[in-house]
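Inside the fold
Each chain is listed here by its residues.
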Amino acid sequence: MVVEDETSLATLLGNYLERDGFDVTVANDGLKAVEIARVVDPDIVILDLGLPGLDGIEVCRQLRTFSNAYVVMLTARSDEIDTLIGLSVGADDYMTKPFSPRELMARIQVMLRRPRNGAPNTIDTAQARTFGPLTIDPLGRDVWLAGEAVPLTRTEFDLLAVLSERPSMAFSRQQLIEAVWDSNWVGDPHLVDVHIGHLRRKLGSDADHTEFIRTVRGVGYRMGTGE
Ligand code: CA
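Residues numbered from 1 in each chain as written. Predicted model: local features only at pLDDT ≥ 70, side-chain atom pairs only at ≥ 80, totals over all residues. Heavy atoms only, no water.

**Looking at the overall build of the protein chain**
When its secondary structure is counted, the protein chain shows 10 helices and 12 strands. Buried positions account for 45% of the 227 residues belonging to the protein chain. Put simply, of all contacts in the protein chain between residues at least 6 apart along the chain, 53% involve residues at least 24 apart. For the protein chain, the exposed surface amounts to about 11,500 Å²; the carbon and sulfur share of it is 51%. (Helix = DSSP H or I, 4+ residues; strand = E, 2+ residues; numbered from the N terminus. Buried < 20%, exposed > 50% of the residue type's maximum accessible area, 1.4 Å probe, protein only. Contact = heavy atoms within 4.5 Å. Areas by Shrake-Rupley, 256 points an atom, 1.4 Å probe, with all protein chains shown as cover.)

See the structure below:
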């Protein structure tokens, strides 16, 4: 779905997406965008920030109450991106105009390779998972510990979602990289350890000796029960 009031840009993006095999729906204002999204249930939403009716922030907020679509927000100025990230409106990626449609298509392909737990066609994995005092809601991308929301970065959440989807499986660092980043990602596999470290701290494993993410020696990591 393309939400953009600049009709020439909307058409251009629609053409690129169709060429990549997507079914495209275009909305030219924010109110219509929300209405249409309820009907077409898009997988990906390319969302302009500056829109008549509702602005992109409000559209994204409303979208998030019923949709788990990937959202790429388009902004007119690069300094708006930091503000948007700070507002945590729930977009997955941001691009500043003018941008190359080809680059946008490349980013979409990378996004689609990331696991999206709770996608509308995977009812089972969309259900909240509980590990002792820890609850993970893949659909809302929320995590609670003893009833309190735990603020996680996107990558931390994705790691936790992958581990908790198959709690009995020990994942290697490479498997986690492929699931969370991209199979073509080239970098230090120990980046996984850094994110797992942050995740463990946020889940309070130091303070109360609970272990939600266990180290499997010689392999990598697996989900723990929090005991
Ligand atoms: Ca606009």
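That shown, we press on.
**Here we look at the environment of Val-24**
Along the chain, Val-24 turns up in the loop between helix H1 (7–19) and strand S2 (26–27). A residue is classified by how much of its surface remains accessible, and Val-24, at 22% relative accessible area, is partly exposed. Counting along the chain gives 18 residues from Val-24 to Pro-42, while the straight-line C-alpha distance between them is 8.9 Å. If near-sequence neighbours (up to four positions away) are discounted, Val-24 is found in contact with Val-2, Gly-14, Leu-17 and Glu-18.

**Comments concerning the sheet that holds strand S4 (residues 70–75)**
Spatially, the 5 strands line up as an open sheet ordered S2-S1-S3-S4-S5, and their pairing is parallel. Only two strands of the sheet have a single partner each, and these edge strands are S2 and strand S5 (93–96). For strand S1 (residues 2–3) and S2, the ladder comprises 2 bridges, and the chain directions are parallel. Bridge assignment links Val-3 to a residue of S2, and that residue is Ala-27. The strands touched by helix H3 (residues 56–64) are strand S3 (44–48) and S4; relative to S4, the strand with the most contacts, the crossing angle is about 175°. (Pairing = 2+ DSSP bridges. Axes fitted to C-alpha atoms, helices over the stretch in contact; angles between N-to-C directions.)

**Observations regarding the environment of Arg-166**
Among the structural elements, Arg-166 can be located in the loop between helix H7 (154–165) and strand S10 (171–172). A residue is classified by how much of its surface remains accessible, and Arg-166, at 52% relative accessible area, is exposed. Between the C-alpha atom of Arg-166 and that of Arg-222, which follows or precedes it by 56 residues, the distance is 8.5 Å.

**A closer look at the pattern of salt bridges**
Throughout the structure, instances matching the rule amount to 10 salt bridges. One salt bridge connects Asp-158 with Arg-141, and the closest N-O pair in it is separated by 2.9 Å. With Asp-158 in helix H7 and Arg-141 in the loop between strand S7 (134–137) and strand S8 (142–145), this residue pair connects regions lying 17 residues apart in the sequence. Taken together, the shared-partner salt bridges in this structure form one network comprising Glu-4, Glu-6, Asp-48 and Lys-97. (Salt bridge = Lys/Arg side-chain N within 4 Å of Asp/Glu carboxyl O.)

**Points about H1**
An ideal rise of 1.5 Å per residue puts 18 Å on 13 residues; H1 measures up with 18 Å between its terminal C-alpha atoms. What H1 keeps buried is the set Leu-9, Ala-10, Leu-13, Gly-14, Tyr-16 and Leu-17. With its buried residues spanning 165° around the axis, H1 presents them on a single face. Facing away from the buried surface of H1 by more than 90 degrees, the exposed residues are Thr-7, Ser-8 and Arg-19. Considering only its buried residues, H1 is in contact with S1, S2, S3, S4 and helix H5 (101–113). Backbone geometry just after H1 places Gly-21 at a positive phi near 95°. (Expected span 1.5 Å × (residues − 1). Arc of directions from axis to C-beta.)

**Focus on the coordination of the calcium ion**
Note on the calcium ion: its protein donors are Asp-5 (OD), Asp-48 (OD) and Gly-50 (O). The metal-donor distances range over 2.1 to 2.3 Å. We note that the donor set of the calcium ion lies within a single chain, spaced as D-x42-D-x1-G. Separated by 45 residues along the polypeptide, Asp-5 in the loop between S1 and H1 and Gly-50 in the loop between S3 and H3 bring together distant segments of the chain. By relative accessible area, which is 35% here, Asp-5 ends up partly exposed. A relative accessible area of 46% places Gly-50 in the partly exposed class. (Donors = N, O, S within 2.8 Å, 3.2 Å for Na, K, Ca; no water.)

**Considerations on the side chain of Arg-129**
By the element assignment, Arg-129 lies in strand S6 (residues 129–131). Although Arg-129 is buried, it forms no salt bridge, and the closest oppositely charged side chain is Glu-165 at an N-O distance of 4.6 Å. Separated by 2.7 Å, the side chains of Arg-129 and Ser-164 make a polar contact. (Lys, Arg positive; Asp, Glu negative; His and termini not counted. Polar contact = N/O pair within 3.5 Å; in protein donor to acceptor, adjacent residues only side chain to side chain.)

**Section: the confidence of the model for the protein chain**
The predicted model of the protein chain has a mean per-residue pLDDT of 84, with 86% of residues at 70 or higher. Note that pLDDT drops below 50 for residues 117–124; the model gives that stretch 13 contacts with residues more than four away or on any other chain. (pLDDT = per-residue confidence, 0-100.)

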